[in-house]
Amino acid sequence: MDKSEKFVSTVASFVGLVAKVLPDDVVAKLAELRAAEEVPMAKAVYDCMFENMNLAVKLSRPLCQDTGVIQYFLRVGTHFPLIDELEPLLLKATEIATEKAPLRHNAVETFKEKNTGTNTGKKVPYIEYELVPNSDKLEADVYMAGGGCSLPGRAAVLMPSAGYEGIAKFVADTLVEFGVNACPPLVVGVGVGTCVASSAKLAKRASLRKVGSRNPDPLVARMEEDLENALNGIAIGPQGLSGSASVLCVNIENMARHPSALGVGVAFGCWAHRRGTIVFDADMNYTVLSHKEAAL
Amino acid sequence: MKKVLTTPITSADVEDLRIGDVIYITGTVVTCRDTGHKRRVLSGIVPHTPLEGGAVFHAGPIVRKTDSGWQMVSVGPTTSMRMEKFEKEFIELTGVKVIIGKGGMGEKTVRACVENKAVHCVFPGGSAVVAAAEVEEITDAEWLDLGMPEAFWVLKVKEFGPLIVSIDTKGNNLFENNKKVFAERKEKALEELYPKLNFMKY
Ligand code: SF4
């Protein structure tokens, strides 16, 4: 097998795995919330989630019928051998995974408003690149963006006078108004930026950071913790039925801003947060970072 | 102890259920969503499967054709609110006792549940494999002309659930109640949070 083939077949298998098995950090957090849950109906929902995760592995089926739009977030070394071909290779891998897993056909061409029937379309799979100088490796996050959890995402630019209080209110309002139907407990990614695009992008990045990780800046980490506690205080519970918690985590990513603009974005992930991280070296040997004991 | 209702379900079976109760169903459940509701209510076309005392599941399944019939691969709840427009008439016309879906439903459905002694329940979203495994057999398929997700699938189920009652026969509506409770809790949580967010310099 040449490098391209090895890469494509590994990514295809990995996408299939991500559809069927949640990453370790998400499973651990769900187990923690399940153990702490006191409301009987909420307990029943957590039990159902765990039974579902077990059955999905046993029967080798995607754990939710909505396998989302496939998205890749790449940190690619400028010397990575396949850097020039990543787009067609990831398209190929997505097609194979769609067939094999199988994944639902979730690509509808806009304006034509027609389902392509292949799970791929214009800019789908969705790919974002970050270049890593002096590296020959590729680190990739795969994410399945389901409809239910994509719906509540929002971004806005606030007057700086709204302050960080305004940011917290924006996130809490969005969670209560739209997040309830996105299959909570939710991953909450918040971006603090300078315009709609930068804030939304940071929010998405934040939602892909590990559950339980903290922003290295202690000020930001403090707000993550405080906002997380506040949102859990609303206790929307699993499926928004009410319960003992609301979220799996609050992760915040930030950047400098224009003195007159305070951007905020919020991106949600559902309890079935299908995210995986895999690293390739220059010979296309891989290491899976998100799922221990993952055999592809 | 699991509370299991067996179809045909009677008014007495559901009368004392209250929002937040967890139940399971054994017997027959049919899937019906947007177009199916519209067809039943507006066109007067009646499926030959009797629905009196039955349960309707707002879901568009993934089904595989086999030599002997059909196999359920994956079936998960879809947002019930999309059926709000026709659910009241659907309940009145068919005599279903349990409506199953995701999220809450509105005022019209609540009235129908009170007047006809029926309940709306939530099946946990994202648990499509559990739901599929609780389907023992697909006994019939009607309205296949509407396509796989919209067709009227007749499912033989065993202890199908958990189903969390979200609208009961007394007119209580879990999601409506929650909306108010969450809004209040949110205000309180934010009031307590604001003093900690004094990052702005002045
Ligand atoms: S929000 Fe997530 S778990 Fe719920 S139905 Fe959509 S993809 Fe599945």
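Source: prediction; values computed, not measured. Residue numbers here run from 1 along each chain, matching the order of that chain's written sequence. Naming scheme: in the order in which they are written, chains are lettered from A and ligands are numbered from 1. Where local features are concerned, this predicted model is filtered to residues with pLDDT of at least 70; where side-chain atom pairs are given and counted, the filter is 80 or more; whole-chain, interface and lining totals use all residues. Excluding hydrogens and water, the side-chain figures rest on all heavy atoms present in the structure.

1. Concerning the pattern of salt bridges
Here, a salt bridge means any side-chain nitrogen of Lys or Arg that lies within 4 Å of a carboxyl oxygen of Asp or Glu. Applying the stated criterion across every chain, the model contains 28 salt bridges over all chains. A salt bridge links Glu89 of chain B to Lys108 of chain B; the shortest N-O distance between them is 3.4 Å. Residue Glu89 of chain B is located in helix H3 (residues 84-94), and its partner Lys108 of chain B is located in helix H4 (residues 107-116); the two are separated by 19 residues in the primary sequence. Where salt bridges share partners, they join Arg209, Arg214, Glu224, Glu228 and Glu253 of chain A into one cluster. Put simply, DSSP H or I for four residues or longer makes a helix, DSSP E for two residues or longer makes a strand, and each gets a number counted from the N terminus.

2. What to know about unusual backbone geometry
Residue and element names in this part refer to chain B. For the peptide bond that leads from Thr7 to Pro8, omega is -5°, which places it in the cis range. Structurally, Pro8 can be placed in the loop between strand S1 (4-6) and helix H1 (11-15). Following Gly161, the chain continues into Pro162 via a peptide bond in cis, with omega recorded as 10°. Mapping Pro162 onto the fold places it in strand S9 (residues 152-167).

3. Remarks on helix H3 (residues 40-59) of chain A
Expected helix span is computed as 1.5 Å times (number of residues minus one). The terminal C-alpha atoms of H3 of chain A lie 28 Å apart, and with 20 residues this matches the ideal 28 Å at 1.5 Å per residue to within 8%. Among all positions in H3 of chain A, only Met41, Ala42, Ala44, Val45, Tyr46, Cys48, Met49, Phe50, Asn52, Met53, Leu55 and Ala56 of chain A are buried. Turning to H3 of chain A, the residues buried within the fold contact helix H1 (3-20) and helix H2 (24-36) of chain A together with strand S2 (22-31), helix H5 (128-133), S9 and helix H6 (174-193) of chain B. Just downstream of H3 of chain A, Ser60 of chain A is the residue with a positive phi angle, here 50°. The rule is simple: take the accessible area with a 1.4 Å probe, protein chains only, and divide by the maximum for that residue type; under 20% is buried, over 50% is exposed, in between is partly exposed. Contacts are residue-level and defined by heavy atoms, with any inter-residue pair within 4.5 Å sufficient.

4. Thoughts on empty space enclosed by the protein
Residues and elements named next belong to chain A. Cavities and pockets are found on a 1 Å grid laid over the protein atoms alone: a cavity is a set of points where a 1.4 Å probe fits but cannot escape, a pocket is an open set with protein on both sides within 12 Å along at least five of seven lines, and a lining residue has an atom within 4 Å of such a point. Grid points are joined across faces, edges and corners, and a volume is the space filled by probe spheres set on the points. Evaluation of the coordinates by the stated rule reveals two cavities of 30 Å³ or more. Size it by volume and the largest cavity reaches roughly 40 Å³. Lining the largest cavity are Phe7, Val11, Phe14, Tyr72, Leu90, Leu138, Ala140, Val142, Ile278 and Phe280. Where the lining of the largest cavity is concerned, the elements lending two or more residues are H1, strand S5 (138-145) and strand S10 (275-280). Only Asp, Glu, Lys and Arg are considered charged in this grouping, and only Ala, Val, Leu, Ile, Met, Phe, Trp, Tyr, Cys and Pro are considered nonpolar; every other residue, Gly among them, is considered polar. By residue class, the composition of the lining of the largest cavity is ten nonpolar, no polar and no charged. Space inside the second largest cavity adds up to approximately 30 Å³.

5. Considering the interface of chain A and chain B
With 44 residues of chain A at the interface, the matching set in chain B holds 37 residues. Taking both partners together, chain A and chain B bury about 3600 Å²; carbon and sulfur atoms supply 69% of that area. In this assembly, chain A and chain B are joined by one salt bridge. Among the ionic pairs, Asp173 of chain A bridges to Lys186 of chain B, the shortest N-O distance being 2.7 Å. What qualifies as a polar contact is a pair of N or O atoms within 3.5 Å, subject to a donor-acceptor requirement within protein and to the restriction that residues adjacent in sequence count only when both atoms come from side chains. Summed over the shared surface of chain A and chain B, the number is 13 residue pairs in polar contact (both at pLDDT 80 or more). Here the side of chain A that touches chain B gets ten residues from one element, more than from any other, and that element is H3 of chain A. Here the residues of the side of chain A that touches chain B sort into 28 nonpolar, eight polar and eight charged. The term buried area refers to how much accessible surface (probe radius 1.4 Å) is lost by two components on association, counted for both of them together.

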